[in-house]
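Below, each chain spelled out in residue letters.
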Amino acid sequence: MIRRFFCALLALVLLMPAAGSEGAQTAYLSLDEQIAEAIDGAEELIRLHVVASDDSQEAQALKLKVRDAVLAEAQALLADCADADEAFARLTASLGQLERAAAERAREEGYFGSVCAETGTFDFPEREYAGVVVPAGEYRALRVVIGDGEGQNWWCVLFPTLCTASDGHSILGEWLAGIFGGESA
């Protein structure tokens, strides 16, 4: 219990912006407010789109495992990005790395068909993330297509990150749970 308290206290201290800094006002916005501001301009969002080869149970399960590999790789690449333009440039420059991560995971699962990654501007339907609605429209995105890409797809907001694992747990929640113990929400 004491360990969790001190870890939480340390996290708060590390996350507090310096008083009086020019960027401090932005740092005080809640995650929902930051997301809402980003959504106001679609150019501020980067989406992730993973498309399964078909609708079989195996292909759908593979899609989620490939998604997890791509998310891990992308989130490491984007960890210190200042804005969506920088994030998109990094994703585009790292397409080979992202595609290799996706293909390697597919191979580990016994799939030896094509796995292709691309960046571009793509159409997305309306979607709700963390209580904030992202309207339908064209967004910059990283798209990963498995095989013929004829199956159901999975999408999220990659930057700023709103992606969640298949069980509905937030990746951020899982990370915090790992630090402080307990389960993520």
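As the structure is a computational prediction, the values presented were derived from the model and not from experiment.

1. Re the overall build of the protein
So, step 1. Along its length, the protein carries seven helices and six strands.
So, step 2. Mapped in sequence order, the helices and strands of the protein form the string α-α-α-β-α-α-α-β-β-β-β-β-α.
So, step 3. Residue burial in the protein is summarised as follows: out of 185 residues, 38% are buried.
So, step 4. Considering only contacts in the protein between residues 6 or more positions apart, those separated by 24 or more positions represent 67%.
So, step 5. Working note: accessible area of the protein is about 10600 Å², and carbon and sulfur atoms make up 55% of it.

2. Describing the pattern of salt bridges
So, step 1. Inspection of every chain in the model, using the stated rule, returns seven salt bridges.
So, step 2. Here arginine 67 ties to aspartate 68 by a salt bridge, and the two come within 2.7 Å at their closest N and O atoms.
So, step 3. With relative accessibility at 0%, the residue arginine 67 sits in the buried group.
So, step 4. On the basis of relative accessibility, which here comes to 35%, the residue aspartate 68 falls in the partly exposed class.

3. Description of helix H4 (residues 57-78)
So, step 1. Between its first and last C-alpha atoms H4 spans 31 Å; for 22 residues at 1.5 Å apiece the expected length is 32 Å, and the two agree.
So, step 2. If you check which residues of H4 are buried, you get Ala59, Gln60, Leu62, Lys63, Val66, Arg67, Ala69, Val70, Leu71, Ala74, Leu77 and Leu78.

How each quantity is defined
- Residues numbered from 1 in each chain as written.
- Predicted model: local features only at pLDDT ≥ 70, side-chain atom pairs only at ≥ 80, totals over all residues.
- Heavy atoms only, no water.
- Helix = DSSP H or I, 4+ residues; strand = E, 2+ residues; numbered from the N terminus.
- Buried < 20%, exposed > 50% of the residue type's maximum accessible area, 1.4 Å probe, protein only.
- Contact = heavy atoms within 4.5 Å.
- Areas by Shrake-Rupley, 256 points an atom, 1.4 Å probe, with all protein chains shown as cover.
- Salt bridge = Lys/Arg side-chain N within 4 Å of Asp/Glu carboxyl O.
- Expected span 1.5 Å × (residues − 1).

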